[in-house]
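What follows is each chain in one-letter form.
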Amino acid sequence: MSAETGVLYVVATPIGNLEDISRRAVNVLSSVALIAAEDTRRTLSLLAALGVTAPRLQALHEHNEAAAGDTVIGALQGGDQVALVSDAGTPLLSDPGFTLIRRCYDLDIPVRPVPGASAVTCALSVCPLPATDLQIAGFLPARSGARKARLQELLEGDRPFLFFEAPHRARSTLTSLAELEPARRVFVAREMTKHFETYLCDTGAALIEQMDAAGQWRGEFVCVVEGRARQERHGSVDAETLMRVLCAELAPAQAARLGAGLLKVRKSELYELALRIRA
C-alpha cells in the first residue's frame, strides 16, 4: 500500500429523521473528494439538507458495482478520501458495497466505519421478543413461492430471525407466516424514525387484522420472528399424545393443522402420525 493511498469511509446515513446523523458523518461527507452512493439523487438531497457542498458523486448500485468499483478504487489509489453511503442507514447488509469492501482489503486500502443509524439495531432496541441468538435473513425472495419456501426454512430453525420487507409484499409475507406458524409471534417495525412510525407485536393473523384496520401497509418494514425454542419450553406434551387427543375429535387433516400450530412442526409430519393413529 502506498503512503498516499486514501481511506474508504463507510458512512451511516439517517433512516428517516435527519437529526440522527452524527457530527462525524457530516465532517466526513464534507471533507471527502468522492462519495459513492446507491442513488446519487437521494444523496444530493441529503447533502443539501445537511448544508454540505456536494463533492464528486459516483453511483454505485447492483447493476454497475464492478465498473463503479473501478472508479472508486482508482480514486483511493490516487490518494483521495472516499465515502460510501446507501440510501438510508448503514450500507452493506442488503445494499451494494460488499464487493468494493472486499477489493479494498485485497489491495490493502484501509476501510473505516463511521457508525450511526441502522435498521437492524433500531428495530432490536425496541423489540419485545428475545433475540439474543438472532439470525439476519436480509430481504426475502421477491417471488411468492420462493419467499414462502424461505420462510418455511427459517421457521424450522430454533433461532429468532429478522428480515426486511417492501410495502407491496408485507401483507403477503405476514399471510404466509400466519399459514405456516399460526401461533408464532412477529414484531413489526414500520417507517422507523419517521412521522408515522409504527411498532406492533402479535401473531401474523392478528397483525394483518390490525394493520388492515389502520391502513398501515405503506413504508419499509423490519420484522423479527420469535424463535421456536421459546415456545417449546411452555409445553411438555409430546406429539403423539396431543395427536391422539385431537384425532378423537377431528379429521386427520384438521388435527394435523392444529397440532402443527401448537407444536411448531411441519403439518405433513403430524398428518402422517394422524393417519397412523386413525388406522
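In this text the structure is predicted, and so the values were computed from the model without any measurement. (Residues numbered from 1 in each chain as written. Predicted model: local features only at pLDDT ≥ 70, side-chain atom pairs only at ≥ 80, totals over all residues. Heavy atoms only, no water.)

Some remarks on the overall build of the protein chain
We apply this condition: By definition, any uninterrupted DSSP run of H or I lasting at least four residues is a helix, any uninterrupted run of E lasting at least two residues is a strand, and each is numbered from the N terminus. The globule rule is 2.2 Å times the number of residues to the power 0.38, and the radius of gyration it is compared with is taken over C-alpha atoms. A simple rule labels every residue: compare its accessible area, found with a 1.4 Å probe on the protein chains alone, to the largest value its type can have, and call it buried under 20%, exposed over 50%, or partly exposed in between. We call two residues in contact whenever any of their non-hydrogen atoms come within 4.5 Å of each other. The accessible surface values rely on the Shrake-Rupley method and a 1.4 Å probe; as for residues, cover is taken only from the protein chains in view. The sign given to each residue is positive for Lys and Arg and negative for Asp and Glu; His and the chain ends receive no count. A single reference atom marks each charge: NZ on Lys, CZ on Arg, CG on Asp, CD on Glu.
Looking only at helices and strands, the protein chain features 12 helices and 10 strands. Taken against the 2.2 N^0.38 rule, which gives 19 Å for 279 residues, the C-alpha radius of gyration of the protein chain at 24 Å runs more than 25% over that of a compact globule. Along the longest, intermediate and shortest principal axes, the C-alpha atoms of the protein chain span 80 × 40 × 30 Å. Here the protein chain holds 279 residues, and 45% of them are scored as buried. Here the contacts in the protein chain between residues at least 6 apart in sequence split such that 68% fall between residues at least 24 apart. Working note: accessible area of the protein chain is about 14,300 Å², and carbon and sulfur atoms make up 51% of it. Distance from the positive charge centre (30 side chains) to the negative charge centre (33 side chains) of the protein chain: 4 Å.

Observations concerning the sheet that holds strand E10 (residues 221–225)
The condition that has to hold: Whether two strands pair depends on DSSP finding at least two bridges between them. Note on method: axes are straight lines fitted to C-alpha atoms, helices fitted across the in-contact stretch only, with angles between N-to-C directions ranging 0 to 180 degrees.
With mixed pairing, the five strands of this open sheet are ordered in space as E6-E7-E10-E8-E9. If you trace the sheet from one side to the other, it starts and ends with strand E6 (135–139) and strand E9 (198–203), each paired once. The sheet shows a mean angle of 15 degrees between the axes of neighbouring strands, taken without regard to direction. Bridge count between E6 and strand E7 (residues 161–165): four bridges; the pairing is parallel. Its bridge partner lying in E7, Gln135 is registered against Phe161. Each of E6, E7 and E10 is contacted by helix H6 (residues 144–156), which is oriented at about 160 degrees to E7, the strand it contacts most.

Describing the packing of aromatic side chains
Definition in use: For this analysis, a ring pair means two rings from Phe, Tyr or Trp (six-membered ring only for Trp) whose centres lie within 6.5 Å, classed as stacked if their planes differ by under 30 degrees, edge-to-face if by over 60, and tilted for the remaining angles.
Going through the model one piece at a time under the given rule, you end up with four aromatic pairs. Ring geometry for Phe187 and Tyr199: centres 6.4 Å apart, planes at 10 degrees, overall stacked. Separated by 12 residues along the polypeptide, Phe187 in strand E8 (residues 185–190) and Tyr199 in strand E9 bring together distant segments of the chain. Overall, the relative accessible area of 2% leaves Phe187 in the buried class. Given the relative accessible area of 34%, Tyr199 is considered partly exposed.

Looking at the environment of Ala248
As for its placement among the helices and strands, Ala248 is situated in the loop between helix H10 (239–247) and helix H11 (252–263). Note on Ala248: relative accessible area 60%, which makes it exposed. Here the alpha-carbon distance between Ala248 and Ile277, two residues 29 residues apart in the chain, equals 9.4 Å.

Thoughts on the side chain of Arg169
Let me state the cut-off plainly: Throughout this description, a polar contact denotes any pair of N or O atoms lying within 3.5 Å of each other; where both atoms belong to protein, one of them has to be capable of donating a hydrogen while the other can accept it, and for residues adjacent in sequence the pair is counted only when both atoms sit in side chains.
Residue placement: Arg169 occurs in helix H7 (residues 167–180). You can call Arg169 buried: its relative accessible area is 15%. A distance of 3.3 Å separates a polar atom in the side chain of Arg169 from a polar atom in the side chain of His168. In this structure, Arg169 is in contact with Ala142 and Arg147, ignoring residues within four places of it in sequence.

Worth remembering: the numbers are spatial, not functional.
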